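Residue strings, one per chain:
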Amino acid sequence: MSLKVGVPAETYPEESRVALTPEVAGTLSRNGQRVLVQAGAGIRAGFRDAAYAERGVEIVPDRTGVFERSDVVLQVRTHGANPENEEDLALIRPGQILIGMSDSLDGTQAVSRLAQTGATLFAMELMPRITRAQSMDVLSSMATVAGYKGVLLAASALPRMFPLLMTAAGTVTPARVLVVGAGVAGLQAIATAKRLGAVVLSYDIRPTVKEQVESLGAQFVELGLETADAEDAGGYATAQKDDFYRRQQAAMADVVADCDVVITTAAVPGKAAPVLITEQMVVGMSAGSVIVDLAAERGGNCACTKPGDTVVVGDVRVLGPVDLPASVPFHASQMYSHNIGQFVDHLVRDGEVSADAGDDEIVRETLVARDGRVVHPDVLEALGEPVETTQPLQPSSTSST
């Protein structure tokens, strides 16, 4: 029989994305999988049940039915990233495969509790940054959405327009926007701010991104700091010592004071976001200025950030949005669905999903738990548990039931 792939509705507060769109679900069906989707799972993202049914997807009336009948469960937020939904643990069975974002490096016991169910967990946020995995990189996809939406939030909150305008009533000078961090979210923020007509500056600890920043029409800010070890092999920024961040803050103060909008995106995977904008720097900005902290979920790059809220400090508004991709659920789901669909295609061979990493870096780096225990070294380290150095686990697979 065909491998059964199930998609339950997301239950995390305000989460409006869906793990599979009708288009990708239809592709999996044509590839031999039997796709089950909980009734109404895609409605908040703009996908009706009828659109799934037209592509051969079976609509299941309740969440329990999806878990009971599925060999593989696809989610935007699995249990680790949705700790408030403890009821799912009772629905998960040994050998079942779960794929989604799990916040596995946060060091919480949620992943351990999920592992104890005997299910196999693949964490999409751990996808390696290699060429073969680019089509599965959910962090880049969601960062693209966050960078775009972050600029729109800033433009809406700023009491002035972004572009230069020559009018009969006089000249409107363009807003000055500083984007801190030139990863995927930062580059998208730069491009969006430029399209809106702002003068855009950008700073990143990694000097290698200067060419990318300038190719989008922004000015790259150089602070004269030594940053030779600022980038890891995967292209991510590396954490620095406190003394470096203090010197960085001092050098950046004048740049921040001269801008109307600051959008911060700096994050280090699995760690708290570095504080780059101090309260003193916020107070030094002009009245009406806006800071949008896209690192709010990790504590924030601004010392004044309150995750999920907006605070006013010295006439400056500091926005701390969380889960921004969920605020653009149609396209965010479309991108996420493509990523996870490509990953399922990568895992399935002859109607089975193999959890044997072998020499496959994609499987090895995303496999978090199986056979009742956490097996990923970085996740074990985050949990404060010993990293095993014994022989690897024997191959494990799930096939249709």
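Fair warning: this is a prediction, and the values are worked out from it, not measured in the lab.

> I would appreciate a short explanation of the overall build of the chain in the present structure.
Along the backbone of the chain there are 12 helices and 20 strands. Rg of the C-alpha trace for the chain: 22 Å, near the compact-globule value of 21 Å for 401 residues, within the 12% margin. Counting only C-alpha atoms, the chain reaches 70 × 50 × 35 Å along its principal axes. For the chain, contacts bridging at least 24 residues in sequence account for 68% of all contacts bridging at least 6. As displayed, the chain has an accessible area near 17,400 Å², and 50% of this comes from carbon and sulfur atoms. Between the mean site of the 32 positive side-chain charges and the mean site of the 50 negative ones, the chain shows a separation of 4 Å.

> Please clarify how the pattern of salt bridges should be interpreted in this entry.
Any two side chains of opposite charge can pair, so long as their charged atoms come close to each other. As enumerated under the stated definition, the model contains 18 salt bridges in all. Salt-bridge contacts for Arg 77 lead to Glu 15; the nearest nitrogen and oxygen are separated by 3.1 Å. Taken together, the residues span a long stretch of sequence, with Arg 77 in strand E4 (residues 72-77) and Glu 15 in the loop between strand E1 (4-7) and helix H1 (22-30) at a distance of 62 residues. Taking the relative accessible area as the measure of exposure, Arg 77 reaches 9% and is therefore buried. Its relative accessible area of 0% is what places Glu 15 among the buried residues. In this structure, the salt-bridge partner of Glu 58 is Arg 34, at a minimum N-O distance of 3.0 Å.

> Help me understand the confidence of the model for the chain in this model?
When pLDDT is low, close inspection of the predicted coordinates is not appropriate. Taken over all residues, the pLDDT of the chain has a mean of 90, while the share at 70 or more is 92%. Predicted confidence for residues 389-401 stays below pLDDT 50, and this span has 35 contacts to residues more than four positions away or in other chains.

> What am I meant to see in the nonpolar core here?
In this structure, Leu 20, Leu 74, Ile 99, Phe 122, Met 124, Tyr 336 and Phe 343 are the most contacted members of the largest nonpolar core, which totals 44 residues. The set of elements that each furnish at least two residues to this core consists of E1, H1, strand E2 (34-38), E4, strand E5 (97-101), helix H5 (138-157), helix H10 (329-347) and helix H11 (361-366). Broken down by element, the residue count for this core peaks at 6 residues, all from H10. Excluding its chain neighbours within four sequence positions, the residues that come into contact with Ile 99 are Val 72, Val 73, Leu 74, Gln 75, Thr 78, Phe 122, Met 124, Ile 340, Phe 343, Val 344 and Leu 347. Judged by nonpolar contacts, the second largest core, of 26 residues, contains Tyr 203, Ile 291, Cys 302 and Val 318.

> Before we go on, may I ask you to explain helix H8 (residues 242-257) in this structure?
In an α-helix there are 3.6 residues to a turn, and that puts residues three or four apart on one side. Look at H8: 22 Å from first C-alpha to last across 16 residues, which is about the 22 Å you get at 1.5 Å a residue. Its axis deflected by about 35 degrees at Ala 251, H8 carries its strongest bend there. Tucked into the core, H8 has its buried residues touching strand E9 (176-180), strand E10 (199-203), strand E12 (261-264) and helix H9 (279-283).

> Got a minute to help me understand the side chain of Asp 137 in this structure?
With respect to the secondary-structure elements, Asp 137 resides in the loop between strand E6 (120-123) and H5. Look past the residues within four positions of Asp 137 in its chain and what remains in contact with it is Met 127, Arg 129 and Asn 339.

Cut-off values and rules
Residues numbered from 1 in each chain as written. Predicted model: local features only at pLDDT ≥ 70, side-chain atom pairs only at ≥ 80, totals over all residues. Heavy atoms only, no water. Helix = DSSP H or I, 4+ residues; strand = E, 2+ residues; numbered from the N terminus. Rg over C-alpha atoms; globule rule 2.2 N^0.38 Å. Contact = heavy atoms within 4.5 Å. Areas by Shrake-Rupley, 256 points an atom, 1.4 Å probe, with all protein chains shown as cover. Lys, Arg positive; Asp, Glu negative; His and termini not counted. Charge placed at Lys NZ, Arg CZ, Asp CG, Glu CD. Salt bridge = Lys/Arg side-chain N within 4 Å of Asp/Glu carboxyl O. Buried < 20%, exposed > 50% of the residue type's maximum accessible area, 1.4 Å probe, protein only. pLDDT = per-residue confidence, 0-100. Core = buried A, V, L, I, M, F, W, Y, C linked by side-chain atoms within 4.5 Å. Expected span 1.5 Å × (residues − 1). Bend = angle between axes of the 7 residues up to and from the residue.

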